[in-house]
Amino acid sequence: MSALFTPLSIRGIEMRNRLWVSPMCQYSAVDGVPNDWHHVHLAQFAAGGAGLVIAEATAVSPEGRISPEDAGIWTDAQAEAWAPIVAAIRARGAVAGVQLGHAGRKASTTSPLTGGRGTVAPEAGGWTTLAPSALAYDTFAEPVALDAAGIEKVVEDFADAARRAVAAGFEVVELHAAHGYLLHQFLSPLTNHRDDEYGGSFENRVRLLARVTEAVRAATPDVVLFVRFSATDAAEGGWSVADTVAAARLVGAVGADLIDVSSGGLVPQQRIVTGPGYQVEYAATVRRETGLRVAAVGMIDDPALAENIVADDRADAVLSGREWLRDPHYGLRAAAALGADSPAPAQYTRAY
């Protein structure tokens, strides 16, 4: 009996297994609208055996995009474009999720598909970026510190985006509070130098994330709600694993169902040693200290490793990204390797 291929039910939504697809930016949308690329890209993972497919970081506002080519869900037209993609994922046996994000000071940057790096100027289609404090990331343009009205807009934008996501058929919504994007920027003392109710103490720095979580839960009471954290900034004086545990307890108390545990991304001086499953112990710590469901992510490319993580109760599920890109049938291959019942669609059973 494979632990990895045991179903997981949250709020009545059943994921057929615990091998999930992590959100991966495609930088292929036009005006935030997903297209045929996104449809084929995401549906193939469902056919390949994933239990949950999470669409890429999807901007809650135009200024929240990482690049001008990012997908969004700040308009009804964007939500309508997501609907057939969601339907295709569900038709192939997987649950569809979406990661809602705001890039903050890391917004308005050149798509990596162009080979460039840096801020896109306004005359080239860029925009003024926003952050908790006017501190630039590396060589990117200096952002404008959000005022009270701007913070209220961020909360409203996340709630409105969640409503549209549910209308489009998504059953899982993930709030992106990791990898150096806006909500993470508020959490860390390295990027949050405010002296108002959103800066200074831990309680103040987590206030925006708590408000966003509460607002999304109120707007979408039945959706399965994840929050992704960077467990550590991996930089002196930054956000820590202990902070993540405390913040996870807080968001769990106001409506989060699962904590997705990653790391890093906030500052260029981070020091991270990577390797297979290198972030799993962060997830295990959050699970052990909070009692909340967690997902582990980070080079979980081997079915045996993924199985051991779940079987050993270090995480309730595992998320992989690049391995699904290398093999969109990773789920089918993993089931075969572990001797589990295959989630292969009928059209593929002759191969499994």
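Residues numbered from 1 in each chain as written. Predicted model: local features only at pLDDT ≥ 70, side-chain atom pairs only at ≥ 80, totals over all residues. Heavy atoms only, no water.

Novice: Any chance you could explain the pattern of salt bridges here in plain terms?
Specialist: When the charged atoms of two side chains lie near each other, side chains of opposite charge can form a pair. Inspection of the entire model under this criterion finds 20 salt bridges. Taking the shortest distance from any N to any O, the salt bridge between arginine 11 and aspartate 257 comes out at 2.9 Å. Placement of the pair is arginine 11 in the loop between β1 (8-10) and β2 (13-15) and aspartate 257 in the loop between α7 (241-253) and β10 (258-262), with a sequence separation of 246 residues. Here arginine 333 and glutamate 323 are joined by a salt bridge, their closest N and O atoms 2.7 Å apart. With arginine 333 in helix α11 (residues 330-338) and glutamate 323 in helix α10 (residues 322-326), this residue pair connects regions lying ten residues apart in the sequence. Taken together, the salt bridges that share partners define one network made up of Asp301, Glu323, Arg326, Asp327 and Arg333. (Salt bridge = Lys/Arg side-chain N within 4 Å of Asp/Glu carboxyl O. Helix = DSSP H or I, 4+ residues; strand = E, 2+ residues; numbered from the N terminus.)

Novice: Would you explain the nonpolar core in this entry?
Specialist: One broad trend across soluble globular proteins is that nonpolar side chains are buried collectively. Phe229 and Ile259 are the most contacted members of the largest nonpolar core, which totals 79 residues. Here this core takes seven residues from helix α3 (residues 148-167), the largest share from any one element. Of all hydrophobic cores here, the second largest spans 16 residues; its members include Met15, Leu52, Leu258 and Ala295. (Core = buried A, V, L, I, M, F, W, Y, C linked by side-chain atoms within 4.5 Å. Buried < 20%, exposed > 50% of the residue type's maximum accessible area, 1.4 Å probe, protein only.)

Novice: Can you help me understand the pairing of strand β9 (residues 224-230) in this one?
Specialist: Two faces belong to every sheet, and in a regular strand the side chains alternate between them. Across the seven residues of β9, seven count as buried, placing the element largely inside the fold. Burial along β9 is two-sided: Val224, Phe226, Arg228 and Ser230 facing one way and Leu225, Val227 and Phe229 facing the other are all buried. Bridge analysis of β9 against β10 gives five bridges, and the strand direction is parallel. Counted as the bridge partner of phenylalanine 229 is valine 261 from β10. Note on the crossover from β9 through α7 to β10: the handedness is right-handed. (Pairing = 2+ DSSP bridges. Right-handed = clockwise from strand over helix to strand, strands pointing away.)

Novice: Quick question: what am I supposed to make of the environment of leucine 208 here?
Specialist: Mapped onto the secondary structure, leucine 208 falls in helix α6 (residues 207-219). With a relative accessible area of 0%, leucine 208 lands in the buried category. As a C-alpha pair, leucine 208 and tyrosine 198 span ten residues in sequence and 6.9 Å in three-dimensional space. Each residue touching leucine 208, except ones within four places of it in the same chain, is listed here: Ile151, Val154, Val155, Leu183, Phe186 and Tyr198. (Contact = heavy atoms within 4.5 Å.)

Novice: What is the right way to look at unusual backbone geometry in this model?
Specialist: Glycine aside, residues mostly have negative phi angles, and peptide bonds mostly take the trans form. A positive phi angle is found at arginine 11, which is not glycine, with a value near 50 degrees. The exposure class assigned to arginine 11 is partly exposed, which follows from its relative accessible area of 43%. The backbone phi angle of alanine 234 is positive, close to 55 degrees, even though this residue is not glycine. A residue is classified by how much of its surface remains accessible, and alanine 234, at 19% relative accessible area, is buried.

Novice: Explain α3 to me, please; I cannot follow it from the model alone.
Specialist: Structural remark: α-helix, 3.6 residues per turn; residues separated by three or four positions point the same way. For α3, with 20 residues, the first-to-last C-alpha span of 29 Å sits near the 28 Å given by 1.5 Å per residue. Three or more residues of α3 are buried, namely Gly150, Ile151, Val154, Val155, Asp157, Phe158, Ala159, Ala161, Ala162 and Ala165. Contacts made by the buried residues of α3 are with β5 (95-101), β8 (172-177), α4 (182-187) and α6. (Expected span 1.5 Å × (residues − 1).)

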